[in-house]
Amino acid sequence: MASDTHREAIQRQIHQDWANREYIEVITNSIKKITAFLNSFDMSCRSRLASLNEKLTLLERKIDHLEACINKDSIVRP
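First, a word on scope: everything that follows refers to the structure included in this document. (Residues numbered from 1 in each chain as written. Predicted model: local features only at pLDDT ≥ 70, side-chain atom pairs only at ≥ 80, totals over all residues. Heavy atoms only, no water.)

## Some words on the overall build of the protein
- In terms of helices and strands, the protein carries one helix and zero strands.
- Scaling as 2.2 N^0.38, a compact globule of 78 residues should have a C-alpha radius of gyration of about 12 Å, whereas the protein reaches 33 Å, well beyond that.
- Dimensions of the protein along its principal axes, counting C-alpha atoms only, are 115 × 15 × 5 Å.
- When the accessible area of the protein is evaluated, it comes to approximately 7,700 Å², of which 61% is carbon and sulfur surface.
- Positive and negative charge centroids in the protein, built from 12 and 11 side chains respectively, lie 6 Å apart. (Helix = DSSP H or I, 4+ residues; strand = E, 2+ residues; numbered from the N terminus. Rg over C-alpha atoms; globule rule 2.2 N^0.38 Å. Areas by Shrake-Rupley, 256 points an atom, 1.4 Å probe, with all protein chains shown as cover. Lys, Arg positive; Asp, Glu negative; His and termini not counted. Charge placed at Lys NZ, Arg CZ, Asp CG, Glu CD.)

## Some remarks on the pattern of salt bridges
- According to the stated counting rule, one finds three salt bridges in the structure shown.
- Linking Asp 4 and Arg 7 is a salt bridge whose minimum nitrogen-to-oxygen distance equals 3.7 Å. Of this pair, Asp 4 and Arg 7 both sit in helix 1 (residues 2-76), separated by three residues, roughly a single helical turn.
- Owing to a relative accessible area of 39%, Asp 4 belongs among the partly exposed residues under this scheme.
- Under the relative-accessibility criterion, Arg 7 is labelled partly exposed at 48%. (Salt bridge = Lys/Arg side-chain N within 4 Å of Asp/Glu carboxyl O. Buried < 20%, exposed > 50% of the residue type's maximum accessible area, 1.4 Å probe, protein only.)

## Concerning the packing of aromatic side chains
- Applying the stated criterion to the full structure yields one aromatic pair.
- A ring pair is formed by Phe 37 and Phe 41, whose centres lie 6.0 Å apart and whose planes are at 20°; its orientation type is stacked. Taken together, the residues Phe 37 and Phe 41, both in helix 1 and four residues apart, mark about one turn of the helix. (Phe/Tyr/Trp six-rings, centres within 6.5 Å; stacked < 30°, edge-to-face > 60°.)

## Topic: a nonpolar patch on the surface
- The grouping of Tyr 23, Ile 24, Ile 27 and Ile 31 at the surface amounts to a nonpolar patch, some 420 Å² of accessible area in total.
- Tracing the backbone shows Ile 27 in helix 1.
- Among the residues examined, Ile 27 registers a relative accessible area of 35% and is labelled partly exposed. (Patch = residues over 30% accessible without salt bridge, like charges linked within 9 Å, V, L, I, M, F, W, Y side chains within 5 Å.)

Structure representation (structure tokens):
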């Protein structure tokens, strides 16, 4: 009887250990998926921000050019 009780206790521990391992695996996989999503999101944002930065730089150059033209015309025409 004592060995049956001991065996049942060991089996319960084994089942609990497997349940814990499965739970840890689910959590680990979820963290991996979240990490992959965040890395993908980061790369997408960086790419879009770089594109916007290029467009803003181009617009700034155009504005500078137009301002220079306006200032040049106002100096020439008193």
